[in-house]
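Inside the fold
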Amino acid sequence: MGRQVLVTGGTGYIGSHTVVELQAVGFDVVIIDDLSNSSADVVDNIEKISGIRPAFEEFNLLDLAKLEAFFEKYSRIEAIIHFAAFKAVGESVAKPLSYYRNNLVSLMNILDCMSKYKISNLVFSSSCTVYGQPDQLPVTENTPKKDAESPYGNTKAISEEILRDVVKVNNALKVIALRYFNPIGAHPTSLIGELPRGVPNNLVPFITQTAAGIRQQLSVFGNDYNTEDGSCIRDYINVVDLAKAHVIAIDRLINNTNDDRHEFFNVGTGYGASVLEIVNTFEEATGVKVNYKIVDRRPGDVEKIYADTTIANTVLGWKAETSLSDTLLSAWNWEKRLRNIG
Ligand code: WQD
């Protein structure tokens, strides 16, 4: 029986890919998810990929009584990867209290239970949004954090401060915060991938839905930025490569090879790609044209951000491996399978 790890939000986009990678190296994974932004058939597809059906409990982490009952039941858990959170930037502007309550109280309930049930290892899903629009690029883990552009981003910044303060008083607690850049793509089997509800906020699912004819046209939010082609720059990271970073982080904590009890790592590729470059690379990789038009800038967008991945590469021992082209092709293959396109 492998060492047991809890993955909250484990039927979500990054969570499901991480469950598969954890199972691949022998961990016994348990999922908690409230299915507010995913569906239970993701558990079936995880099983199809790995041959192992993870235990799955459906409830919201705000319910502390249920969470405590969960830890009474699953007493072998040695580590937690905490993904469960609301994550739509635009929605968070419209519903700030819902985001602060869900994202912060969930984390606090997890931390309370870690103390009560003597679980000391936590990998936290953080975000490059804590950097805002950096003054210098690429961003390192020591780049000063800036005011978040959205309540969503602020919940990540506040969560990191909560973790900092709790680590100080809970001497058993060890935390690794992984600051994601822009996760994209899908599992090579096309059995799991990104499944946004309604109209996609993010670029790549909008591209693949446009290519599939579900959306009429992609709007490129601005080409008057101070970049080579005028469109914004981001660091797009393959979701399987990102999932593998979580496995390495869990190993680091469980095997006590961490340098201190609260570590941060930028999980990106170190390469900044523009929106138009993403569109062009998608067309080249898939042979499918993307119908798009240039429109006004989207409020809240930062112009340019990409990671300095030196620390992740040298200290964590992780490096992104998958090309942008292969990653965009995986996103398209996932979309085609979703829509039964040949
Ligand atoms: C990328 C670029 C848009 C849609 C995301 C997550 C955030 C964080 C970082 C994890 C921008 C442009 C987009 C469209 C477009 N990840 N765009 N047309 O805003 O960088 O943030 O990654 O924490 O949570 O939301 O990602 O995919 O929305 O935008 O032109 O229809 O694509 O302007 O330049 P973003 P995104």
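Residues numbered from 1 in each chain as written. Predicted model: local features only at pLDDT ≥ 70, side-chain atom pairs only at ≥ 80, totals over all residues. Heavy atoms only, no water.

1. What about the pattern of salt bridges?
Taken as a whole, this structure holds 19 salt bridges when the rule is applied. Across the salt bridge formed by Arg76 and Asp28, the nearest N and O atoms sit 2.4 Å from each other. Linking Arg76 in the loop between α3 (64-73) and β4 (77-82) with Asp28 in strand β2 (residues 28-32), this pair joins segments that are 48 residues apart in sequence. The salt bridge involving Glu68 is made with Lys116; its shortest N-O contact spans 3.4 Å. One end of the pair, Glu68, is in helix α3; the other, Lys116, is in helix α5 (residues 96-116), and 48 residues separate them in sequence. Taking relative accessible area as the criterion, Glu68 reaches 24% and is therefore assigned partly exposed. A residue is classified by how much of its surface remains accessible, and Lys116, at 47% relative accessible area, is partly exposed. (Salt bridge = Lys/Arg side-chain N within 4 Å of Asp/Glu carboxyl O. Helix = DSSP H or I, 4+ residues; strand = E, 2+ residues; numbered from the N terminus. Buried < 20%, exposed > 50% of the residue type's maximum accessible area, 1.4 Å probe, protein only.)

2. Section: the packing of helix α1 (residues 13-24) against helix α8 (residues 239-254)
Packing of α1 against α8 brings their axes to within 8 Å, and their N-to-C directions diverge by 60°. It follows that α1 is oblique to α8 by the angle criterion. Between α1 and α8 lies a crossing whose hand is right-handed. Between α1, through Tyr13, Ile14, His17, Thr18, Glu21 and Leu22, and α8, the contact on the second element is made entirely by Val239, Val240, Leu242, Ala243, Lys244, His246 and Val247. Looking at the contact of α1 with α8, its residues break down into eight nonpolar, three polar and two charged. (Axes fitted to C-alpha atoms, helices over the stretch in contact; angles between N-to-C directions. Parallel < 35°, antiparallel > 145°, perpendicular 65-115°, else oblique. Left-handed = near helix turned anticlockwise from the far one by under 90°. Contact = heavy atoms within 4.5 Å. Nonpolar A, V, L, I, M, F, W, Y, C, P; charged D, E, K, R; others polar.)

As far as function goes, none of this settles anything; it's purely spatial.
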